[in-house]
Amino acid sequence: MLSGGASQETWFFELVEAGDGPVHRLVLRRAPGGCYQHATAAGLEVEAAVIRIVGRNGIPVPTVRYVLEHGDGIGRGFVTDHVDGETIARKILRDDAFARVRPTLPAAFGSLLARIHAVPKGELPQLRLTGAAATLNILRNEVRRLDMPRPVFEVAIRWLEDHMLDDREPALVHGDFRLGNLIIDGHGVAAVLDWELVHLGDPMEDIAWLCATPWRFGAVDKPVGGLGTREDLFASYEAAGGAIDRARLRWWDVSSALRWGVNCAAMVAQYRDGTDTSLERAMIARRASENEVDLMRLLYLGD
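Throughout what follows, the structure given in this document is the object of discussion.

Calculation rules
- Residues numbered from 1 in each chain as written.
- Predicted model: local features only at pLDDT ≥ 70, side-chain atom pairs only at ≥ 80, totals over all residues.
- Heavy atoms only, no water.
- Helix = DSSP H or I, 4+ residues; strand = E, 2+ residues; numbered from the N terminus.
- Expected span 1.5 Å × (residues − 1).
- Buried < 20%, exposed > 50% of the residue type's maximum accessible area, 1.4 Å probe, protein only.
- Arc of directions from axis to C-beta.
- Contact = heavy atoms within 4.5 Å.
- Salt bridge = Lys/Arg side-chain N within 4 Å of Asp/Glu carboxyl O.
- Patch = residues over 30% accessible without salt bridge, like charges linked within 9 Å, V, L, I, M, F, W, Y side chains within 5 Å.
- Areas by Shrake-Rupley, 256 points an atom, 1.4 Å probe, with all protein chains shown as cover.
- Core = buried A, V, L, I, M, F, W, Y, C linked by side-chain atoms within 4.5 Å.
- Phe/Tyr/Trp six-rings, centres within 6.5 Å; stacked < 30°, edge-to-face > 60°.
- Pairing = 2+ DSSP bridges.
- Axes fitted to C-alpha atoms, helices over the stretch in contact; angles between N-to-C directions.

**A word on helix H10 (residues 288-300)**
In this model H10 runs 19 Å from its N-terminal to its C-terminal C-alpha over 13 residues, within 8% of the 18 Å that 1.5 Å per residue would give. Turning to H10, its buried residues are Ala288, Asn291, Glu292, Asp294, Leu295, Leu298 and Leu299. The arc that holds every buried residue of H10, seen down its axis, measures 160°, which confines them to one face. Exposed residues lying more than 90 degrees from the buried face of H10 are Val293 and Tyr300.

If you want it as structure tokens, here you go:
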């Protein structure tokens, strides 16, 4: 099983054709245990359908070769071609092999996101609509379910309520566009992965999530994935047909910080009750405090 997948199983295998036929390098993306699906996930069958559609609209994605059926007996999932490149952020940000391409990535991300957000909705399968109101409701409920008080999270909820956005025409939203979910090679973005949170919503959600502090990987002065400036991202996004709304973006900046903070805090209970006692889970859980700092900075000092 490949490393790097946080919520789905990812298996690499080779298909060898009979005789002296070619060897096909493939990847199986499968639900944990074969059947688990998070409440906010689109579902693996829907994810596969979306990947095929965005691929036809010029987005670099792995080619979907097969979607598992019940009779296959191995659960839910789909098989894609293997795409060469790197997903581990530490390597992309530091290794000499990516030195030439690193400065080009913020602009490449902006162009890609504009094209994703422009995919015709009429071509898409049925997706959940998750705008600002639905997002706030999800976050509010998740904060209430935490097993210890988080006053900073409550302050963030109040700020989001007081600055609630009006509804706009929804677009296709990736939902988790960031380093780690992108295959990078020596030429740029080779593929956009992990469409499990795909939905219809506000395009500024994707922009804000990409620029969230955790996805800067320590390079806090480089908001776009630890690689560059928002200005490069915004300029390429608008050059590709998108429109940046800075007022709406600020709301999504705050909700993104709260979203990751809630995710981290929820892992405390998983570690304590024995659901997952891995060192990785414990380390992520303690990062909830970092997000409290991020939220206070966003709310009172700006980014």
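**As for the side chain of His174**
Among the secondary structure elements, His174 is positioned in the loop between strand E5 (171-173) and strand E6 (182-185). Residue His174 is classed as buried on the basis of its relative accessible area of 0%. Once residues lying within four places of it in the same chain are set aside, the contact partners of His174 are Val192, Leu193, Asp194, Trp195, Leu197, Val198 and Asp206.

**Topic: the pattern of salt bridges**
Following the criterion strictly, the structure yields 21 salt bridges and no others. In this structure, the salt-bridge partner of Arg150 is Glu292, at a minimum N-O distance of 3.2 Å. Residue Arg150 is found in the loop between helix H4 (132-145) and helix H5 (151-162), and its partner Glu292 is found in helix H10; the two are separated by 142 residues along the sequence. As far as burial versus exposure is concerned, Arg150 and Glu292 are alike and both buried. What you see here is one network of salt bridges that share partners, running through Asp166, Arg168, Asp202, Asp245 and Arg248.

**Re a nonpolar patch on the surface**
Together, Val155, Met296, Tyr300 and Leu301 line one region of the surface with nonpolar side chains, adding up to about 430 Å² of accessible area. Structurally, Tyr300 is set in helix H10.

**Notes on the nonpolar core**
Core analysis: the biggest nonpolar cluster contains 79 residues, and Phe109, Phe177, Ile184, Val192, Trp195, Ile207 and Leu258 have the highest contact counts within it. For this core, the element with the most residues is helix H8 (residues 246-272), which contributes 12 residues. Non-local contacts of Val192, meaning those with residues more than four positions away in its chain, are made with Ile59, Pro60, Val61, Pro62, Leu112, His174, Phe177, Asn181 and Leu182.

**Observations regarding unusual backbone geometry**
A positive phi angle, near 55°, is found at Asp194, a position not held by glycine. Tracing the chain through its elements places Asp194 in the loop between strand E7 (188-192) and strand E8 (199-201). We note that Phe217 has phi near 50°; this positive angle belongs to a residue other than glycine. Position of Phe217 relative to the elements: it lies in the loop between helix H6 (203-210) and helix H7 (230-239). Looking at Phe217, the relative accessible area reads 35%, which means it is partly exposed.

**Observations concerning the packing of aromatic side chains**
The description of an aromatic ring pair rests on the distance of the ring centres and on the angle between the ring planes. Applying the stated criterion across every chain, the model contains 5 aromatic pairs. Both rings, one in Trp215 and one in Phe217, keep their centres 6.1 Å apart while their planes meet at 50°; by these two values the pair is tilted. Ring centres 4.9 Å apart and planes at 75° place the aromatic pair Trp251 and Trp252 in the edge-to-face group. Owing to a relative accessible area of 1%, Trp251 belongs among the buried residues under this scheme.

**Focus: the sheet that holds strand E1 (residues 9-16)**
The strand order across the open sheet formed by 4 strands is E1-E2-E4-E3, and the pairing between neighbours is antiparallel. Taken across any chain shown, the strands that pair with only one partner, and hence form the sheet edges, are E1 and strand E3 (64-67). The mean angle between the axes of side-by-side strands here comes to 25°, regardless of whether they run parallel or antiparallel. Of the strand pairs in this sheet, E3 and strand E4 (residues 77-81) are connected by 3 bridges, and their pairing is antiparallel. From the neighbouring strand, Val67 faces E4, where its bridge partner is Phe78. Along the sheet, helix H1 (residues 44-56) contacts strand E2 (23-30), E3 and E4; its crossing angle with E3, the most-contacted strand, is approximately 155°.

**Looking at H4**
In this model, H4 (14 residues) spans 20 Å end to end at C-alpha, consistent with the 20 Å of a helix rising 1.5 Å per residue. By the burial criterion, the buried members of H4 are Ala132, Thr135, Leu136, Leu139, Glu142 and Val143. Projected down its long axis, H4 carries its buried residues within an arc of 130°, all on one side.

Any link to function would need more than the numbers given here.
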